[in-house]
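Structural overview
Each chain is listed here by its residues.
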Amino acid sequence: MRILVVEDEPDLLQVVATTLREAGYAVDAAADGEDGLFKAKTWEYDAIVLDLNLPKLDGWSVLQRLRTVKRTPVLILTARDTVSDRVRGLNSGADDYLVKPFALSELLARIRALIRRSAGQAVAVIEIGDVCIDTVAKTVTRNEDLVPLTPTEYALVELLAMHRQKLVSRTTIYDHLFDEGDDSLSNLVDVHVSNIRKKLGREFVTTRRGQGYMIQG
Amino acid sequence: MIRSLRWRIQAWHAVVLTAVLSIFGVVVYHLQWQTRLHQIDAELNRTAEVLTSRVRRLFPKGQVSNWRPPMELPGVVEREWLQNLTSANLSKTENEPTPQSPQQPVVSADEDERSLSEEFRVQRIGQWPFPYAEPRDETTPFLADEQWLPEDFTALFEGEEAPLHYTVWDRDGVILRKSYFAPLVPFKNLFKGWNSMPVQEVQSRGGLREVIHCTSFGHHVLVGRSIQEDVAAQHSFGWLLAACGWAVLTLGVVGGGWLSGRTLRSITAMSVIAKSISGENLSQRIDLAETDSELGQLALVLNQTFDRLQLAFQQQLRFTADASHELRTPLAVIVSQTELTLAKPRLTDEYRAALETCQRAGRRMRSLIDSLLLLARFDAGHPDLQHSSLDLAEVANESVELLRSLAAERQITLRSVATPLSVVGDRDRLGQVVTNLLANAIRYNQVGGRVDVRVERVNGDAIVSVSDNGIGISAEELPHIFERFYRVDKARTRAEGGTGLGLAICQSVVEAHGGQIIARSEPQQGTTLEVRLPLSPETGKDVQNL
């Protein structure tokens, strides 16, 4: 899962980005509105964390311009706490609103919920056959036995599971799993997929050669 | 209710209207009555003139007549008595009409008649309140009274419905003639002497209005008429007047009530709107339909007050929101950073980095709170300044030395031209102002730029100007730079750790010293900030002495 954080306070940007990375997300950062809008338009993010008071282009404008081209879930993270600000934020096309100071756990929970909802999943636990994916604990169990996965492997499983019965292209996988700082080789995805097959069974992930991967079931 | 403006206006209106109407009514009533009397008097006078001229003709020389009223012309009241008289000498007067026989006056009858007549005369003198003259001597010529009255005049005096009555006396009060229904009128002697001017007198007796003309030789002519009809007419006129007055009063009070209600309704509407204006709803305004009237002016003034109130309220709200935002951001850093760091065991370097982040955020909060408190003190009017006489050049140079290393770091040339100038002020705060302006000039400058500080005397004021050749400030942004939390370049301010309050504080400090601060800027040319402070009194004196 790949997330964009747009925040002009360097220390806070650092903290939020680190938190999300430690939670297994790929994170891109932008320090002003123009940069944030450019990245949000360019890449396929699973969610965007957006501050409102931004240099160059304020959060509302970023949101309005983004909404003309994309439906990426947006969480507004701001110190502006008045009701009118919240209403304005949500009316501009935001999906959620969190006021500073905030608990990191709440931020993570809200981002998880945003991603889940945008993928059409209503619950936090996805069951595929005998495999059970807990998106809160970020664990995968098979026949109630914990399957040890690396964060990237888990992220790939979650991404495919979120879009189950749909083809997920290699580009999409790259876009969602790796942030702009990563310079992963393309065959790395194949390595992760083969590792997942070893742990969860050969039939768990289906390969469409030249197109991508998908989870049936 | 009773104390409400509307009812007081109404009450006063009614009182004043009643008073005005009463005075008006009384005056009109009186004038009308006077006019009426005047007309009556004129009519009576005209008639009396005619009668007087007749009397003059009858008694051309003013001689006293021994003529006595013929018995066929009795007065109303004395009719009974006259009838007695008549019964005594009727035969005589009938056979020989009095005017035709001057040799046989009324009183010269036979002996019995004479004694009877004498008896009546005594009786007359005794009963009547006016004297009767003694009988005239026989030689006095008696003038006939044919054509005594013109034809058209007789209609005025004859009959039961005769409007006028008259009585004619000689100067001794003997009735010479009187109309049939003329009441008995006490004789009032107006004769002042021979050849005196004719005298006229008007009198009102009971329901009668009478004029008495006294000729120059003593004949008195009284013409009177009943004014009971006039009094009745006047009374009905009075009632009509009262009714009209009452109607006008009612109309006036009702109309006044309607008017005052109408006027006060707009006041009520204004007060309703004024009441409804609160912190939640400041946008409502009074309808300015009648801006020309006094109420319209009041509404205009109120609306302007509301505008200022709304502006102040919005500024306050924005300031609060901005302050809260500025405080929340470092707080969020601290809370999030600690939560992240404590989530799992970290390396020593990670703990150090986290603590440094928290320290930065904490310092920022402290500086922000200090600035906010300082501004609050200035706003409350307690700037708490330590006033002393100081040299502005010294203060400026200290600030320059303080920031020389920062300038060197950014390769900025810092130049100072300072003339010693004595001003009275708070040394620390003024130093803070100069430092602040200098720091801004250095921070928001290009690498290799320059900053000039000048302390000089212009038009009796001390001027400290800090100018740079940086990127300048656009004309749209220039008016806002002294606003709290206004940042021209947000990203850069954040990176420099500015609070957005520096220039606002400078402005407050300078204004608390009785000075002013202005900014001039041209994009791509540079910015000049100029602080103008009043010189201390001694400096002013020195210059005057020079």
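Rules and cut-offs
- Residues numbered from 1 in each chain as written.
- Chains lettered and ligands numbered in written order.
- Predicted model: local features only at pLDDT ≥ 70, side-chain atom pairs only at ≥ 80, totals over all residues.
- Helix = DSSP H or I, 4+ residues; strand = E, 2+ residues; numbered from the N terminus.
- Contact = placed C-beta atoms within 7 Å.
- Buried ≥ 20, exposed ≤ 12 C-beta atoms within 10 Å, placed from the backbone.
- Pairing = 2+ DSSP bridges.
- Right-handed = clockwise from strand over helix to strand, strands pointing away.
- pLDDT = per-residue confidence, 0-100.
- Axes fitted to C-alpha atoms, helices over the stretch in contact; angles between N-to-C directions.

Per the secondary structure count, chain B includes 12 helices and 12 strands. Across chain B, every contact between residues at least 6 apart in sequence was considered, and the portion connecting residues at least 24 apart equals 66%.

What follows deals with the interface of chain B and chain A. On the side of chain A, 22 residues touch chain B, which itself brings 20 residues to the contact. Put simply, the parts of the chain that give the side of chain B that touches chain A at least two residues each are α6 (294–342), α7 (348–379) and α10 (490–496) of chain B. Ranked by residue count, the leading element in the side of chain B that touches chain A is α6(B), at 13 residues.

As a further point, take the environment of B:Leu392. Along the chain, B:Leu392 falls in helix α8 (residues 392–409). B:Leu392 sits 26 residues away from B:Ala418 along the chain, and the two C-alpha atoms are 8.3 Å apart.

Our next topic: the pairing of strand β1 (residues 2–6) of chain A. Residues and elements named next belong to chain A. The buried count for β1 comes to five of five residues, which makes it a mostly enclosed element. In β1, alternate side chains face the same way, and those of Arg-2, Leu-4 and Val-6 on one face and Ile-3 and Val-5 on the other are all buried. Bridge count for β1 against strand β2 (residues 26–30) is five bridges, and the pairing is parallel. When the sheet's bridge partners are listed, Val-6 is paired in β2 with Ala-30. Once the chain exits β1 it traverses helix α1 (residues 10–22) before rejoining the sheet at β2, and the crossover so formed is right-handed. Where β1 meets strand β3 (residues 47–50), four bridges bridge the pair, whose relative direction is parallel. Within β3, the position partnered with Ile-3 by the bridge is Ala-47.

Moving on, we get to the confidence of the model for chain A. When pLDDT is low, close inspection of the predicted coordinates is not appropriate. Here chain A shows a mean pLDDT of 87. Residues at 70 or above account for 98%. Within chain A, the lowest mean pLDDT, 83, falls on helix α7 (residues 170–177) of chain A, and the highest, 94, falls on β3(A).

All names here are of chain B. Strand order in this open sheet of five strands is β7-β9-β10-β12-β11, and the pairing throughout is mixed. Two strands bound the open sheet, and with one partner strand each, they are β7 (413–418) and β11 (516–522). With direction set aside, neighbouring strand axes in the sheet form an average angle of 15°. Across the sheet, helix α9 (residues 427–443) touches β9 (450–458), β10 (461–468) and β12 (526–534), and the angle it forms with β10 is around 20°. Strands β11 and β12 of the sheet are contacted by helix α11 (residues 502–512), whose axis makes an angle of about 135° with β11.

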